[in-house]
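As a plain string of letters, each chain reads:
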Amino acid sequence: MKFTRIPMPYAKVLIVDDVPTNLDVAKGILKPYRMQVDCVASGIEAIERMRNSTVIYDAIFMDHMMPEMDGMEATRIIREELDCDYARNIPIIALTADSEANSEEKFLGKGFQAFLSKPIDPMKLDSILCLWVRDSERESLTASMPMHNAEAEPGKTGQTAEEEIPRIEGIDWQAGLNYFIENRDAYLSIIRSYVDSTSRIIAKICNVTEETLADYAIHIHGIKGSSYGIKACEIGKQAEELEHAAKAGNFRLVSQNTPLFVENAQKLLNALSSLLKPDTPDIKPVKHAPNEALLDQMEEAAANFKIDELEDIIKSLERFKYETQAELIAWLREKVDQMEFLPIHERLAQRKQETAGDKK
């Protein structure tokens, strides 16, 4: 989308979504605004963020369909049970892949200030940010910062002659590049997230029963939204049809069509995995054990739901091969990808205690 984004480096927003790819997509299209973007994977975590108030956010982008607690219930609790002006007044914008005609009316009557359909339309997002987040008084303090034009991040825009558009059936590569402002690296990073998270979700839908149909609807809804987000619209459409069937209680249709959907989705994931595979072998230096200081930092970051910091730390740890505790690093990577912060904190805290006890 060729239009100018107004930088808002003073702003802090919270994204709430249980699908990691959706969080990455949201971060990607918010990047030109230079704001602080924090992410959590559930309504429960969003409530805790609001309750603790360690960061004062300018807005929350709240996914609608999530397991355990949906976005409407999380918003109700924030508005009615936290008992403070901050929680009652913070703008909350609904995010949903539902396409019902009355969706906007439904959300605006439940404590939300605005509504965004997935995949997010960058121009609609810009309008919402200008209405609910942009602050002219704080903006004047950063007026000397250069304007960010969506066309360019030096060295990262467009594609060179060496960077051919891959021909992958079922995904519109050029549309995806356009969506992420011609930033090829950002788009590939989000595709990598899609491959990782969708593979895990597919494992949860293979053995659907009538008793698990409601959970199935949530999982297939997540695949639908993230597939449309990366412009894999064929798989997104198939997921959408299965979601409608699940919500209607049509177990027969779901059970009949899910195997073919899984087969088609796996073909796409395999093709994308091949695209992401490096051409040269990954040769890493060898260390005896992971860096203890980094593990301590990771424990603290997990305790405070700092997803970007966790990603930076695990990448630093993954730069090496380890003679011991290699399985710990693999486990930590899995939990970071799944955004399961509490298990990371608990395991690393227990490990620290055991290590301290051994030294005594």
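Look above for the structure.
About the criteria used
- Residues numbered from 1 in each chain as written.
- Predicted model: local features only at pLDDT ≥ 70, side-chain atom pairs only at ≥ 80, totals over all residues.
- Heavy atoms only, no water.
- Buried < 20%, exposed > 50% of the residue type's maximum accessible area, 1.4 Å probe, protein only.
- Helix = DSSP H or I, 4+ residues; strand = E, 2+ residues; numbered from the N terminus.
- Arc of directions from axis to C-beta.
- Contact = heavy atoms within 4.5 Å.
- Polar contact = N/O pair within 3.5 Å; in protein donor to acceptor, adjacent residues only side chain to side chain.
- 1 Å grid on protein atoms, 1.4 Å probe; cavity = no way out; pocket = protein on both sides within 12 Å on 5 of 7 lines; lining within 4 Å.
- Points joined across faces, edges and corners; volume = space filled by probe spheres on them.
- Expected span 1.5 Å × (residues − 1).
- Axes fitted to C-alpha atoms, helices over the stretch in contact; angles between N-to-C directions.
- Parallel < 35°, antiparallel > 145°, perpendicular 65-115°, else oblique.
- Left-handed = near helix turned anticlockwise from the far one by under 90°.
- Nonpolar A, V, L, I, M, F, W, Y, C, P; charged D, E, K, R; others polar.

**Observations regarding helix 6 (residues 122-132)**
Of all the residues in helix 6, the buried ones are Pro122, Leu125, Asp126, Ile128 and Leu129. For helix 6, the buried positions fall inside an angular range of 165° around the axis, keeping them on one side. Opposite the packed face of helix 6, turned more than 90 degrees from it, sit the exposed residues Lys124 and Leu131. As for helix 6, its buried residues are in contact with strand 1 (4-5), helix 1 (20-30), strand 4 (59-63), strand 5 (92-96), strand 6 (114-117) and helix 8 (173-179). The opening residue of helix 6, the one whose side-chain oxygen lies 2.8 Å from the backbone nitrogen of Met123, is Asp121.

**What to know about empty space enclosed by the protein**
Applying the stated criterion to the full structure yields three cavities of 30 Å³ or more. There is about 90 Å³ of room inside the largest cavity. Around the largest cavity, the lining residues are Ile15, Asp17, Asn22, Val25, Ala26, Leu95, Lys118, Pro119, Ile120, Tyr179, Gly225 and Gly229. Breaking the lining of the largest cavity down by element, the ones donating at least two residues are helix 1 and helix 10 (213-229). Ranked by residue count, the leading element in the lining of the largest cavity is helix 1, at three residues. Put simply, the second largest cavity is a space of about 50 Å³. Along its surface, the second largest cavity is lined by Ile15, Ala26, Ile29, Leu30, Phe61, Leu95, Leu116, Ile120 and Leu125. At three residues, helix 1 tops the list of elements feeding residues into the lining of the second largest cavity.

**Here's the deal with helix 13 (residues 292-303)**
Taking 1.5 Å per residue as the helical rise, helix 13 with its 12 residues ought to reach 16 Å, and the 17 Å between its terminal C-alpha atoms agrees with that figure. Along helix 13, the residues that are buried comprise Leu295, Met298, Glu299, Ala301 and Ala302. Angular distribution of buried residues about the axis of helix 13 spans 165°; they occupy a single face of the element. The N-cap residue of helix 13 is Asn291: its side-chain oxygen and the backbone nitrogen of Ala293 are 2.9 Å apart.

**A look at the packing of helix 14 (residues 307-317) against helix 15 (residues 326-337)**
One way to put it is that helix 14 packs onto helix 15 with a least axis distance of 10 Å and a crossing angle of 155°. The orientation of helix 14 relative to helix 15 falls into the category roughly antiparallel. The hand of the helix 14/helix 15 crossing is left-handed. Seen from helix 14, the contacting residues are Leu310, Glu311, Ile314, Lys315 and Leu317; seen from helix 15, they are Ile329, Leu332, Arg333 and Val336. In the contact of helix 14 with helix 15, the residues fall into six nonpolar, no polar and three charged.

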